[in-house]
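Chain and residue survey
Below are the chains, spelled out letter by letter.
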Amino acid sequence: MSRADEIPVAESWPMFKWLWASYLNPYKWPVSISFVLMALEGSMMGFLAYVLKPMFDQVFVEGNQETMKWVALSIMGIFIVRGVSGMIQKMIMNWVGQKSSAAIRRDLLEHVMKLDTAFHNNHPPGHLITRVSGDAGSLASVWRGFILGVGRDLVSVISLTAVAISIDWRWTLIALIGAPLLMVPILIVQRFVRTQSRRSRMLASDIVVRMDEIFHGINQIKLNALEDYQHTRFVSLQDESIAISLQSNFSRALIPTLVDVITGVGFVGVLYFAGGEILAGDKTIGEFMSFFTAMLLVFEPLRRLAGLAGSWQDFASGLERVKHLFDLKPSIVSAPGAIRVPPERPEIRLDNVSLAYGELPVLRQTSFVAEAGKTTALVGPSGAGKSTVFNIVTRLVDPDQGQVTIGGRPSKEIELGTLRSMFAVVTQESLLFDETLRENITLGRDNVSDEELQRALEAAHVTDFVDQLLKGLDSDVGARGNLLSGGQRQRVAIARALLRDAPILLLDEATSALDVKSEAVVQKALDRLSAGRTTIVIAHRLSTVRDADKIVVMNQGRVIEEGTHDQLLAKNGAYAELYRTQFRLDETEPA
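Presented here is a report on the structure given in the accompanying data block. Everything quoted here is computed from the prediction, not taken from an experiment.

Conventions we followed
Residues numbered from 1 in each chain as written. Predicted model: local features only at pLDDT ≥ 70, side-chain atom pairs only at ≥ 80, totals over all residues. Heavy atoms only, no water. Helix = DSSP H or I, 4+ residues; strand = E, 2+ residues; numbered from the N terminus. Rg over C-alpha atoms; globule rule 2.2 N^0.38 Å. Buried < 20%, exposed > 50% of the residue type's maximum accessible area, 1.4 Å probe, protein only. Contact = heavy atoms within 4.5 Å. Areas by Shrake-Rupley, 256 points an atom, 1.4 Å probe, with all protein chains shown as cover. Lys, Arg positive; Asp, Glu negative; His and termini not counted. Charge placed at Lys NZ, Arg CZ, Asp CG, Glu CD. Salt bridge = Lys/Arg side-chain N within 4 Å of Asp/Glu carboxyl O. 1 Å grid on protein atoms, 1.4 Å probe; cavity = no way out; pocket = protein on both sides within 12 Å on 5 of 7 lines; lining within 4 Å. Points joined across faces, edges and corners; volume = space filled by probe spheres on them. Nonpolar A, V, L, I, M, F, W, Y, C, P; charged D, E, K, R; others polar. Patch = residues over 30% accessible without salt bridge, like charges linked within 9 Å, V, L, I, M, F, W, Y side chains within 5 Å. Pairing = 2+ DSSP bridges. Core = buried A, V, L, I, M, F, W, Y, C linked by side-chain atoms within 4.5 Å. Expected span 1.5 Å × (residues − 1). Phe/Tyr/Trp six-rings, centres within 6.5 Å; stacked < 30°, edge-to-face > 60°. Lys NZ or Arg CZ within 6 Å of the ring centre and 35° of its normal.

Considerations on the overall build of the chain
Counting its regular elements, the chain contains 19 helices and ten strands. The C-alpha atoms of the chain give a radius of gyration of 35 Å, which is well past the 25 Å a tight globule of 591 residues would have. Once the C-alpha set of the chain is aligned to its principal axes, its extents read approximately 125 × 55 × 50 Å. Across the 591 residues of the chain, 47% fall into the buried class. For the chain, contacts bridging at least 24 residues in sequence account for 79% of all contacts bridging at least 6. Summed over its atoms, the accessible surface of the chain is roughly 30200 Å², and 58% of this surface lies on carbon and sulfur atoms. Positive and negative side-chain charges of the chain, numbering 60 and 65 respectively, have mean locations separated by a distance of 3 Å.

Digging into the pattern of salt bridges
Per the counting criterion, the structure on display carries 15 salt bridges. With its nearest N and O atoms 3.3 Å apart, the salt bridge here joins K374 to E371. With relative accessibility at 31%, the residue E371 sits in the partly exposed group. Taken together, the shared-partner salt bridges connect E41, R152 and D153 into one network.

Some points on the layout of surface pockets
In this structure, the largest pocket occupies an estimated 2000 Å³ of space. When grouped by side-chain class, the residues that make up the lining of the largest pocket number 25 nonpolar, ten polar and twelve charged. Forming the walls of the second largest pocket are 20 residues, and the residues nearest its centre are E429, A479, R480, N482 and R489. Of all the secondary-structure elements, those providing two or more residues to the lining of the second largest pocket are α7 (183–216), α8 (218–223) and α16 (486–500). Residue classes in the lining of the second largest pocket are distributed as seven nonpolar, ten polar and three charged.

Re a nonpolar patch on the surface
On the surface, a cluster of nonpolar side chains totalling about 570 Å² of accessible area is made up of M76, I80, V84, M87, I88 and M91. Of note, M91 is situated in helix α3 (residues 65–114). Overall, M91 belongs to the exposed group, its relative accessible area being 55%.

Overview of unusual backbone geometry
Residue N352 is not a glycine yet carries a positive backbone phi of 50 degrees. Residue position: N352 is located in strand β1 (residues 348–357). Looking at N352, the relative accessible area reads 46%, which means it is partly exposed. Even without being a glycine, Q556 presents a positive backbone phi close to 55 degrees. Position of Q556 among the secondary structure elements: in the loop between β9 (550–555) and β10 (558–563).

Notes on the sheet that holds strand β2 (residues 360–370)
Spatial ordering of the open sheet is given by β2-β1-β4-β5, a layout of four strands whose pairing is antiparallel. Every interior strand has two partners, whereas the edge strands, β2 and β5 (409–410), have only one.

Description of the environment of M68
Within the fold, M68 resides in helix α3. Between the C-alpha atom of M68 and that of F56, which follows or precedes it by twelve residues, the distance is 9.7 Å.

Quick look at the nonpolar core
Counting residues in hydrophobic clusters, the biggest one holds 46 residues, and the most contacted among them are L437, I441, I494, V545, I551 and Y575. Take this core: its biggest share by element is seven residues, from α16. Filtering out sequence-adjacent residues up to four positions away, L437 remains in contact with V462, F465, V466, L469, G472, L473, S475, V477, L484 and V492.

Things to note about helix α17 (residues 516–530)
The periodicity of an α-helix, 3.6 residues per turn, causes residues three or four places apart in sequence to face the same way. Its 15 residues give α17 an end-to-end C-alpha distance of 20 Å, which sits within 8% of 21 Å, the value for a rise of 1.5 Å per residue. For α17, the elements touching its buried residues are β6 (423–427), α14 (450–459), α16, β7 (504–508) and β8 (534–538). Once α17 finishes, G532 follows within two positions and takes phi at roughly 80 degrees, a positive value.

What to know about the pairing of β10
In the sheet, β9 pairs with β10 via five bridges, with the strands oriented antiparallel. Across the sheet, the residue bridging to M554 is V559, located in β10. Counted between consecutive antiparallel strands, the loop separating β9 from β10 contains two residues, among which Q556 sits at a positive phi close to 55 degrees.

A few points about the pairing of β1
In this sheet, β2 lies alongside β1 in antiparallel orientation, the contact comprising seven bridges. Bridge assignment links Y357 to a residue of β2, and that residue is L360. The turn joining β1 and β2, which pair antiparallel and follow one another in sequence, is formed by two residues; a positive phi near 70 degrees is taken by G358. The pairing of β1 with strand β4 (residues 401–406) spans five bridges and is classified as antiparallel. Paired with S354 across the strands is Q401, a residue of β4.

Concerning the packing of aromatic side chains
This model, assessed by the stated rule, comprises five aromatic pairs. Ring geometry for W18 against F326: centres 5.6 Å apart, planes inclined by 55 degrees, an arrangement best described as tilted. Of the two residues, W18 sits in helix α1 (residues 12–24) while F326 sits in helix α10 (residues 285–327), which places them 308 residues apart along the sequence. The exposure classification of W18 matches that of F326, with both residues buried. Centre to centre, the rings of Y27 and W95 are 5.5 Å apart; their planes meet at 90 degrees, and the pair counts as edge-to-face. Here Y27, found in the loop between α1 and α2 (28–61), pairs with W95, found in helix α3; they are 68 residues apart in sequence, far enough to count as distant. Taking the ring centre of W18 as reference, the NZ or CZ of K323 above it sits at 5.4 Å.

Following this line, the structure appears as structure tokens:
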């Protein structure tokens, strides 16, 4: 996702209702218990302020020993209840937060993996990592703090205010008379923090993308002496992130500061007004101390509640990014009633298939047949559309026009999982995971017997090097398989394809990056793999496809020639020209 890819601003309350219904509702009883405990914890401060009145009037002024006992026991009980209820509700909310955020990450990852290839082409992995891990994970801590503020601090404010009103409503009114003045700055800060939070999260994604590209391209960075350039770009993003964070933190700190100022003004007013009543004997010292303590204790939860304005906007910003991702739907899905049984004869036919990326045409009325059990080679210059054919037959993309049929059935009528189970793919840069060699070959399948695995290893020539590894099949291959050579990685990919035992084999420049010796070994393994399978090969080296049953020549998204190697040379057309260019043959030299 680029920085320009804006996420529409959504209403906070509908998003929170979605979050509650989808991920918090299963924990409604633990959350409800936590709310009760939060309310109990918050109300204890009101009781503390309340018992100060008899403590001063009956104990300190009148010297009543009996009152002193029950006041002391009451204060002790207040702190025990507050401590125990606070501990239990924090444990419950931490558990709910961890479980719910894990569920969000789990579902979000599953959802993102189902989105179309076009989506992943337009959204760098770093952005998606930030969305799935960062945004989803941060929701738990933010909403946990928000619920804590509402459940505990709001009850504290209400109970303490109730105590203050019970003593003297006029004093309370004077103390809180400036509170309405906070509404306008709170609304302004909310909007500003929401904007800054969205920018901050986008920058966090950009920083992760930058680090991802640096670490994955470290060799090219070193070879091109780009260390300073990449460092400067990273520092620039980091400086911008720091600036936004400071602005946002200043805005968050502004509201509690205003609360402090207005509370101070209220206290001065109460002292001035109440002092005269106490001196006149209309109010007792105990009443004043109880009121003063209630107002003093209400100060901290009131500051936290005021700070929730910024926290809510931060929460809403992360939530809208997560919700926006969940709202995206894949366009390539299984049709209703799609068949789940693979066609028996895996012949592949393209009929007048056209596809454009934006305004750039990639395939133009492309038609050819890859016959079942035979090898069809696609050749032509770069950009001819050969790799796009692979994407279309596997339904990574769907054509704008035309139709692809497999075994006489339109590919769109075959259930997506069933369709893709029919293909085994070996590409120029086969993806290996940072796992053991065994896991990279079996890909999580636990039903592979030792005999099956051994046959695949031998057929793919993996046995030629596996014994040289320290732990054999249980050796780690490194990030993207970087602990293996290019030829070894290709042989692992071939062993993987052999175990998959799919009826259709797609080979995309599978030997083009290898040296002559490795190519010979890999080509021998590919010949074994393709035997009896419907095979489509993309190749620039025409020497690797001379024995193909059919060669399809493509140029600018069109099929311009078809035939065997000998037939195409006899035509003396585009293929013959490619052949002569590669092998420096004279036009009259016989094949």
